[in-house]
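# Remarks on the overall topology
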Amino acid sequence: MLRSQPISWDSKMGDGNSGSNRTLSGNNNNSSNKPEWLQQYDLIGKIGEGTYGLVFLARIKSPTTNRGKSIAIKKFKQSKDGDGVSPTAIREIMLLREISHENVVKLVNVHINHADMSLYLAFDYAEHDLYEIIRHHRDKVNHSISQYTVKSLLWQLLNGLNYLHSNWIIHRDLKPSNILVMGEGEEQGVVKIADFGLARIYQAPLKPLSDNGVVVTIWYRAPELLLGAKHYTSAVDMWAVGCIFAELLTLKPLFQGAEVKAPPNPFQLDQLDKIFKVLGHPTPEKWPTLPNLPHWQQDLQHIQGHKYDNTGLNSVVHLSTKSPPYDLLSKMLEYDPRKRITAQQALEHEYFRIEPLPGRNALVGPSVEKVVNYPTRPVDTTTDFEGTTSLQPSQPVSSGNAVSGSMPGTHGGTMRSVPRQMAVGGMQRMQPQGMPAYNLTSQAGMGVGMNPSGIPMQRGVSAQTHQQQQQQLRRKDPAMGMAGYPPQQKSRRM
Amino acid sequence: MADFQTSTHRTKWIFTPQELVEKYKAANQRAIQALEKYGATLMEVDIDGSLSYPEPQTNAKDTADKHSRPKPLNIEEEQYMRVFYENKLQEVCNNFHFPHKIQATALIYFKRFYLQWSIMEHHPKNIMLTCIYGACKIEENHVSAEELGKGISQDHQLILNNEMIVYQSLEFDLIVYAPYRSIDGFVNDIEEFCQTKDDQLHMLKALHETARMEVDKIMLTDAPLLFPPGQLALASLRSSNEVHGVLDFERYLRSILSRQSSAHTISELIESLSAIDSWVRRYKFPSEKDLKHINRKLRSCWGLGSHDESKKREKKSKHKSKKSSNETQNMQS
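The structure reproduced in this document is the subject of the present report. Since the structure is predicted, the reported quantities are computational estimates derived from the model, not experimental observations. (Residues numbered from 1 in each chain as written. Chains lettered and ligands numbered in written order. Predicted model: local features only at pLDDT ≥ 70, side-chain atom pairs only at ≥ 80, totals over all residues. Heavy atoms only, no water.)

The secondary structure content of chain B amounts to 16 helices and two strands. Scored against the burial criterion, the 333 residues of chain B give a buried share of 59%. When contacts within chain B are restricted to residue pairs at least 6 apart in sequence, those whose partners lie at least 24 apart make up 76%. Of the roughly 14,700 Å² that chain B leaves accessible, carbon and sulfur atoms contribute 51%. (Helix = DSSP H or I, 4+ residues; strand = E, 2+ residues; numbered from the N terminus. Buried < 20%, exposed > 50% of the residue type's maximum accessible area, 1.4 Å probe, protein only. Contact = heavy atoms within 4.5 Å. Areas by Shrake-Rupley, 256 points an atom, 1.4 Å probe, with all protein chains shown as cover.)

Spelled out as structure tokens, the structure:
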């Protein structure tokens, strides 16, 4: 195990031989002691954290065509058991290598830190996510999200999901913080499904999918999973979409169960209870395979005996039972996964054919009377790429001058007080620095998620953005400046 | 399974025979040049991840006479080594009772890896094990490196050391399509096509089984780098059908093409299937004598050839890490 034997590596390094080896490609021995690949970026700071690792915001220094473009860099921790390269990272990369869709995040580069075998994935940066958008409406502006925006967000989410499902990929971890929305620029208001670390190709798995540990944040977890289903399907994603749809309408999580933390894969009674209270008790008549589900069958906590009145969903979401949005929502929240509406069917639903029609820019549209200025993502400028903080992380992001410790040459925190370019999607090519094997062996260069056609960037940044940043700097962020990654996420993810 | 049509497998990893030859030649040439320059060819992975050839032997210039200089492998000998280790790979997978899919994925990784590198540059045994290890990870049949190493009495550190290099060399295109699922699909389709009655099902079963064995053979050739998995499957079914005589295979091929409104003509398809067959016919496993000869050459390319050098190397390795000394031992084994 590499990690557990740092000494042997050190001694190898100390060996007189390796120092004078003819290195075939990029090395780390430059003066700033920074890997070569990293030098193509200006690190702005940390924007997210999860069990998988950290997410950083960075900007491209070169090449000039993409200069200043914002990039989100996801750093994976090494796998804990010292068993090689992180399987989560590998899985996310390999899936993203095969897929390409407007409503799915774009992997633009992969970097390797050979010293600790960790992987850095570079994505087009998206300024917003549904978690932050919902929170902004709930806590800051006190009015609901416009009908046009809700419908456009939902349609694009379904559009991306339909693409994934038709490619036999289940996301398995859909939740508001994983649904990104592009900020100002050519792709403004475009939805991007992100975080494929738990996604699976589901045709003919070699092992039951549940062997990977229970997934999906419990609030968005489908009832068949909560009841212990072993072989689940793309319908679990549709349940999560239903929960997200309701949350966009009401600004509150639909089923906010308290999570049972232990033992591994515990029975989540409270979460089921929350669902039953709103949707009514499931019955074998409505859901024929229900009696076969382990937790239902064992019934250790007497869920079968609970009886709830029939559905109160319409009153929770304040919709008439005859309205098209209610009809669509109730079809997404169908108990029986086999009867649950598919992404493809949902896209055809009447809701999307009536006014206001969904649009590509979900944030700004003809029928949006008042364009909401969503805050930019808080950035913790005190964290460097190694994830070590030079200040207490609990301090609010405040300073415009905090330059991250070990990143000489970055503009650090000062970036945030200067108008900066918003995330722009689209494809770009980066120099394949720091990936020796590629340079040596492949004409394809990096080969990772690239398209040579660069999409021109908008360079102008409005005064409005500046204002947003001021606003952002003032606000105290309970999530410690890690937008979209609420603290409870850590424990909700197994 | 993501869509094969848009997959990296189809768009990046299916070559023409000419392209294959060129790639093998390029890797071989590069290793030969390294041998001339540095006197050895084995790549070392440094802590910073850069790859380098070892130090030139200090006496390389002194003993520049032709007899003592290590001789490089030629392209055919490299091919033999790949064949040998691909068979080993199947053996290891069978010992672990891994599913076919894992074996096939590991084999394809191994083949793709040695499109980028010469056998002389990376030890095929280590790479083979890392390919198996990676295939298990990707196919969700996770086996720890330690477990894998133990099962075959190999240092698992060698498996882990090469992991990143393997993924990089595969350009992180880790989803591969094996022909086994295609065979299953075609057999189901044939069942319908022939309107098989229950009492004839055993014939289909025999057809299926022989086809699987046929495709195992195909997987050991270069054919998986040249043809899509569906064609590999059809070639194996056609061969199997020659044994069992279950159906009029050409009629079946025509029916597939017409149903898929394929752009391919029947003659193109048959030509591909015959080309796959000929890869199997031309397959050559190296003789004991060949292997001995090649291994001797390989060891000298790795700086382990003559007694003098190997002693020197051993001395040096004592100062080196545990990892490199293990490497040395294993190379000699």
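Below, the discussion takes up the overall build of chain A. Check the secondary structure of chain A and you find 15 helices and 11 strands. Here chain A holds 494 residues, and the buried ones make up 59% of them. Restricting the contact set of chain A to residue pairs at least 6 apart, pairs at least 24 apart contribute 71%. On chain A, roughly 19,300 Å² of surface is accessible, and the fraction owed to carbon and sulfur atoms is 53%.

Before going further, it helps to spend a moment on the pairing of strand β3 (residues 53-60) of chain A. All names here are of chain A. Summarising burial for β3: eight of the eight residues are buried, a large majority. The pairing of β3 with strand β4 (residues 70-76) spans seven bridges and is antiparallel. Bridge pairing in β4 links Phe-56 to Ile-73. (Pairing = 2+ DSSP bridges.)

Next up on the list: the environment of Val236(A). All names here are of chain A. Positionally, Val-236 belongs in helix α7 (residues 235-250). Taking the C-alpha atoms as reference points, Val-236 and His-171, separated by 65 residues in sequence, lie 8.8 Å from one another. In contact with Val-236, not counting residues within four places along its chain, are Ile-170, Ala-222, Glu-224, Leu-225 and Arg-340.

With that out of the way, let us pick up the packing of helix α9 (residues 179-193) of chain B against helix α12 (residues 249-259) of chain B. All names here are of chain B. Axis separation between α9 and α12 bottoms out at 12 Å; the angle between their running directions is 105°. The orientation of α9 with respect to α12, classified from their angle, is roughly perpendicular. Contacts from Phe-186, Asp-189, Ile-190 and Phe-193 of α9 reach α12 at Arg-251, Tyr-252, Ser-255, Ile-256 and Arg-259. Residue composition of the contact of α9 with α12, by class: five nonpolar, one polar and three charged. (Axes fitted to C-alpha atoms, helices over the stretch in contact; angles between N-to-C directions. Parallel < 35°, antiparallel > 145°, perpendicular 65-115°, else oblique. Nonpolar A, V, L, I, M, F, W, Y, C, P; charged D, E, K, R; others polar.)

Residue and element names in this part refer to chain A. The antiparallel open sheet is built from five strands, whose spatial order is β2-β3-β4-β6-β5. Since the sheet does not close on itself, it has two edges, and those belong to β2 (41-50) and β5 (107-113), each with one partner. Strand-to-strand twist in this sheet, taken as the mean axis angle between neighbours without regard to direction, amounts to 25°. Pairing analysis gives eight bridges linking β2 to β3, with the strands arranged antiparallel. When the sheet's bridge partners are listed, Gly-50 is paired in β3 with Gly-53. Sheet strands in contact with helix α3 (residues 87-98) are β4, β5 and β6 (118-124), and its direction is about 40° off that of β6.

As a further point, take the pairing of β5(A). Looking along a regular strand, one sees the side chains alternate between the two faces of the sheet. All names here are of chain A. Counting buried residues in β5 gives seven out of seven residues, a clear majority hidden from the surface. Here six bridges tie β5 to β6, and the two strands are oriented antiparallel to one another. Along β6, the bridge assignment pairs Asn-113 with Ser-118. Counted along the chain from β5 to the antiparallel partner β6, the turn is four residues long, and its residue Met-117 has a positive phi close to 55°.

A few words on the side chain of Gln271(A). Looking at the element boundaries, Gln271(A) is found in helix α8 (residues 269-279). Residue contacts for Gln271(A): discarding those within four places in its chain leaves Ile218(A), Trp219(A), Leu226(A), Phe255(A), Gln256(A) and Gly257(A).

Should the sulfur atoms of two cysteines be covalently bonded, the bond is a disulfide. All names here are of chain B. Using the criterion set out here, one finds zero disulfides over all chains in the structure. Free cysteine Cys-93: the closest other cysteine sulfur is in Cys-136, separated by 6.8 Å. Assessed through its relative accessible area of 0%, Cys-93 is described here as buried. (Disulfide = S-S within 2.5 Å.)

Core analysis: the largest hydrophobic core is formed by 199 residues, its most contacted members being Leu119(A), Leu158(A), Met332(A) and Ile132(B). Setting aside residues up to four positions removed in sequence, Leu119(A) forms contacts with Lys74(A), Lys75(A), Phe76(A), Val85(A), Ala89(A), Ile90(A), Ile93(A), Val110(A), His111(A), Ile112(A), Met164(B) and Phe172(B). One finds Ile60(A), Ile73(A), Tyr120(A) and Ala122(A) within the second-largest nonpolar core, a separate group that totals 13 residues. (Core = buried A, V, L, I, M, F, W, Y, C linked by side-chain atoms within 4.5 Å.)

Attention now goes to helix α13 (residues 266-281) of chain B. Residues and elements named next belong to chain B. Taking 1.5 Å as the rise per residue, α13 with 16 residues should run 22 Å; its terminal C-alpha atoms sit 22 Å apart, in good agreement. For α13, the complete set of buried residues consists of Ile-266, Leu-269, Ser-272, Leu-273, Ile-276, Asp-277, Ser-278 and Trp-279. Buried residues in α13 make contact with α10 (201-219), α11 (229-244) and α12. (Expected span 1.5 Å × (residues − 1).)

Turning next to the packing of aromatic side chains. All names here are of chain A. Per the stated rule, a full pass over the model turns up 17 aromatic pairs over all chains. A centroid spacing of 6.5 Å and a plane angle of 25° characterise the contact between Trp-239 and Tyr-335, whose relative ring orientation is stacked. With Trp-239 in helix α7 and Tyr-335 in the loop between α11 (324-332) and α12 (343-347), this pair connects stretches of sequence that are 96 residues apart. Here the aromatic rings of Phe-245 and Tyr-351 are separated by 5.5 Å at their centres, their planes lie at 40°, and the arrangement is tilted. One end of the pair, Phe-245, is in helix α7; the other, Tyr-351, is in the loop between α12 and α13 (436-441), with 106 residues separating them in the sequence. (Phe/Tyr/Trp six-rings, centres within 6.5 Å; stacked < 30°, edge-to-face > 60°.)

On to unusual backbone geometry, then. Residues and elements named next belong to chain A. Pro-356 follows Glu-355 through a cis peptide bond whose omega is -5°. Its location among the elements puts Pro-356 in the loop between α12 and α13. The phi dihedral of Leu-251 is positive, around 70°, even though this residue is not glycine. Relative to the helices and strands, Leu-251 is located in the loop between α7 and α8.

Turning next to the sheet that holds strand β9 (residues 179-181) of chain A. Adjacent strands of a sheet form backbone hydrogen bonds with each other and so pair up, either parallel or antiparallel. All names here are of chain A. With respect to topology, three strands assemble into an open sheet ordered β7-β9-β10, the strand pairing being antiparallel. Single-partner strands in this sheet number two, and they are β7 (128-129) and β10 (191-193). Of the strand pairs in this sheet, β9 and β10 are connected by three bridges, and their pairing is antiparallel. Within β10, the residue paired with Leu-180 across the bridge is Lys-192.

What is shown is where atoms sit, not what they do.
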